[in-house]
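A structural walkthrough
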Amino acid sequence: MKKLLLIAPMLVLMLAANAQTRKVKEKDLKGTWKLVIDIDKEDIVDEMDEDDNVFARILVKSVVGFVDDILEEIDIWFEFQPNNELKITVNALGEEEVEYTEWRINNKGQLIIEDTDSFESDDEYWMFEGDVLVAFDKDDNKPEKQVYLVNMD
């Protein structure tokens, strides 16, 4: 029993340490990464006000379901290349498109992916949670758990 009382707190500490975010290092970005966007229909419908009518709930649920179906037909791949170049490959409905942009790691260990002409205007950054790169909102520093990158190598 004493062993269990000693092991339980250590287990909790280990799990908490693994769940924390960690800094991004260039060497960790090797390989091909797949962008995952998880939409939970039930969460979106649950967030609606109770005052919303049944028709609005049905409409929202069907639109979210439609978007979810479309997202299943789209694959987005990221390849972090030398010289801070990022290759983005989009496979959508049988068509493939390749685009290039830039990436960098700031002094806080946050991955910044350029989406405009200037790094300063970006409104999100990426950090590791376990082995997954999770998008964070710069305004409130909260993770966007439904948007993340998974290394496929």
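For the structure, check the block above.
Residue indices begin from 1 for each chain and proceed along its sequence in written order. Per-residue local features of the predicted model are confined to residues with pLDDT of at least 70, and side-chain atom pairs are confined, for both listing and counting, to 80 or more; whole-chain, interface and lining totals are unaffected and use all residues. The basis for every side-chain value is the complete set of non-hydrogen atoms in the structure, without hydrogens or water.

**Considerations on the overall build of the protein chain**
- Runs of H or I in DSSP of at least four residues are treated as helices and runs of E of at least two as strands, each being numbered from the N terminus. Within the protein chain one finds three helices and nine strands.
- Helices and strands in the protein chain line up, N terminus first, as α-β-β-α-α-β-β-β-β-β-β-β.
- The cut-offs for exposure are 20% and 50% of the maximum accessible area for each residue type, with area from a 1.4 Å probe on protein chains only; residues under the lower value are buried, those over the upper are exposed, and the others partly exposed. Across the 153 residues of the protein chain, 25% fall into the buried class.

**Section: the side chain of Gln110**
- Among the secondary structure elements, Gln110 is positioned in the loop between strand E5 (95-105) and strand E6 (111-113).
- For this analysis, a polar contact is any N or O atom pair within 3.5 Å, provided that within protein one partner can donate a hydrogen and the other can accept it, and provided that sequence-adjacent residues contribute only side-chain to side-chain pairs. One polar contact links Gln110 to Asn106, side chain to side chain, over a distance of 2.8 Å.
- Any two residues whose heavy atoms approach within 4.5 Å are treated as being in contact. For Gln110, the residues in contact, after removing those within four places along its chain, are Arg104, Ile105, Tyr125, Trp126 and Met127.

**Brief notes about the nonpolar core**
- Here, the term nonpolar core denotes a set of buried Ala, Val, Leu, Ile, Met, Phe, Trp, Tyr and Cys residues that are joined through side-chain atoms within 4.5 Å. By size, the foremost hydrophobic cluster in this structure holds 17 residues, and its most contacted members are Phe78, Phe80, Leu111, Trp126, Leu133 and Leu149.
- Those elements giving two or more residues to this core turn out to be strand E2 (32-37), strand E3 (74-81), strand E4 (85-92), E6, strand E7 (124-129) and strand E8 (132-137).
- At three residues, E3 tops the list of elements feeding residues into this core.
- When residues no more than four places from it in sequence are discounted, the contact partners of Phe80 are Leu29, Gly31, Trp33, Glu85, Leu86, Trp103, Leu111, Ile113 and Leu149.

**Brief notes about the layout of surface pockets**
- Space inside the largest pocket adds up to approximately 310 Å³.
- Take the lining of the largest pocket: its biggest share by element is four residues, from E5.
- Residue composition of the lining of the largest pocket, grouped by class: seven nonpolar, one polar and seven charged.
- Here the second largest pocket defines a volume of roughly 210 Å³.
- A cavity here means a set of points on a 1 Å grid, drawn over the protein atoms and nothing else, where a 1.4 Å probe fits but cannot get out; a pocket is an open set with protein on both sides within 12 Å along at least five of seven lines, and a residue lines either one if it has an atom within 4 Å of a point. Lys34, Leu35, Val36, Ile37, Asp38, Ile39, Asp68, Leu71, Glu72, Ile74, Asp75 and Ile76 are the residues that line the second largest pocket.
- The set of elements that each furnish at least two residues to the lining of the second largest pocket consists of E2, helix H3 (54-72) and E3. Grid points are joined across faces, edges and corners, and a volume is the space filled by probe spheres set on the points. Put simply, Ala, Val, Leu, Ile, Met, Phe, Trp, Tyr, Cys and Pro go in the nonpolar bin, Asp, Glu, Lys and Arg in the charged bin, and everything else, Gly too, in the polar bin.

**Overview of the pairing of E2**
- When DSSP finds at least two bridges between two strands, those strands are taken to pair. Alignment of E2 against E3, held across three bridges, turns out to be antiparallel. Considered in E3, the bridge of Lys34 is made with Trp77.
- Here E2 pairs with strand E9 (residues 143-151) via five bridges, running antiparallel. Counterpart to Ile37 in the pairing with E9 is Val147.

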